[in-house]
Structure formats: structure tokens, C-alpha cells
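Inside the fold
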Amino acid sequence: ILVQGGYASSIGLYCALLAKSMGHAVTYSDFSKERLDLAEKNGIPVLEIDAYSKALGKFDLVADSSGSKEGLQSAIRSIRSYGKITSSAIFWTNSL
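In this report, we go over the structure that sits alongside the text. (Residues numbered from 1 in each chain as written. Predicted model: local features only at pLDDT ≥ 70, side-chain atom pairs only at ≥ 80, totals over all residues. Heavy atoms only, no water.)

In this section: the overall build of the protein chain. Across its full length, the protein chain carries three helices and five strands. Starting at the N terminus and walking to the C terminus, you meet the elements of the protein chain as β-α-β-α-β-β-α-β. The C-alpha radius of gyration of the protein chain comes to 12 Å, within 12% of the 12 Å expected for a compact globule of 96 residues. On the principal axes, the C-alpha backbone points of the protein chain span a range of 35 × 30 × 20 Å. Within the protein chain, the fraction of its 96 residues that count as buried is 39%. Intrachain contacts of the protein chain at a sequence separation of at least 6 include 43% that bridge at least 24 residues. For the protein chain, the accessible area works out to roughly 5700 Å², and carbon and sulfur atoms hold 55% of it. Of the side-chain charges in the protein chain, 10 are positive and 9 negative, and the distance between the mean point of each set is 6 Å. (Helix = DSSP H or I, 4+ residues; strand = E, 2+ residues; numbered from the N terminus. Rg over C-alpha atoms; globule rule 2.2 N^0.38 Å. Buried < 20%, exposed > 50% of the residue type's maximum accessible area, 1.4 Å probe, protein only. Contact = heavy atoms within 4.5 Å. Areas by Shrake-Rupley, 256 points an atom, 1.4 Å probe, with all protein chains shown as cover. Lys, Arg positive; Asp, Glu negative; His and termini not counted. Charge placed at Lys NZ, Arg CZ, Asp CG, Glu CD.)

In C-alpha cells form, the structure reads like this:
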């Protein structure tokens, strides 16, 4: 599972912690050093990013909490064939 944090604040971190507590292998990506540190302290591997521009790997499930169009696009690029994606972010515009 890839969980993308970002502008949706700590929602992504909560999602990663929940998935880990349920026994799933989770990777957490974010640009917030504070949230990345919290994820690492809880045993979750992290990917520090500075921009959402590319795929972050190929995952069966991607949970997007980036809160940005670019983050959602990166999440879509990071899904394995026939994988699943979910987004807990709120987009404040009508254009994606």
C-alpha cells in the first residue's frame, strides 16, 4: 500500500498508521519532514518527495491524501495494473 500525504495535513499519516496496525505493508510519501519522521518512528518506510511529478513505484493499493491535482495524478501513475486507488483529499476546484 502506498499512502500519499500532503496538503490534507495528517489524514495520510492516520491512514498509513491504520493500515499498518491492520498488518499491511505500507509505504508513506510526503513532503512534510515532521510527518515523515512520525511515520518512521512508527516503523513505516517513507519516501520523501519535493513534488508530485512521477510514479512512486507500482502498488496494489494507493491511498491519496495529497490534496492536489498533481498528487492525484502521481497516485494514479503509482497503481499496478488492476490495482485500486482511493482519495481522502478535498479538491477545492472543479478542474482536475
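There's more to say after this.
Moving on, we get to the pattern of salt bridges. Opposite charge on two side chains permits them to pair, given that their charged atoms come into close proximity. On inspection of all chains with the given rule, the structure shows three salt bridges. With a shortest N-O distance of 2.7 Å, Asp 30 and Arg 35 are connected by a salt bridge. The exposure classification of Asp 30 matches that of Arg 35, with both residues buried. Residues Arg 80 and Asp 60 are paired through a salt bridge, measuring 3.6 Å at the closest nitrogen-oxygen approach. In this pair, Arg 80 sits in strand E5 (residues 79-87) while Asp 60 sits in strand E4 (residues 59-64), placing the two residues 20 residues apart along the sequence. (Salt bridge = Lys/Arg side-chain N within 4 Å of Asp/Glu carboxyl O.)

Take the sheet that holds strand E2 (residues 27-30) next. Taken together, five strands build an open sheet; the order of strands is E3-E2-E1-E4-E5 and the sheet is parallel. One side of each edge strand has no neighbouring strand; the edge strands of this open sheet are strand E3 (46-48) and E5. Each adjacent strand pair in this sheet contributes to an overall mean axis angle of 20 degrees, direction not counted. For strand E1 (residues 2-4) and E2, the ladder comprises three bridges, and the chain directions are parallel. Residue pairing across strands places Gln 4 opposite Ser 29, the latter belonging to E2. (Pairing = 2+ DSSP bridges. Axes fitted to C-alpha atoms, helices over the stretch in contact; angles between N-to-C directions.)

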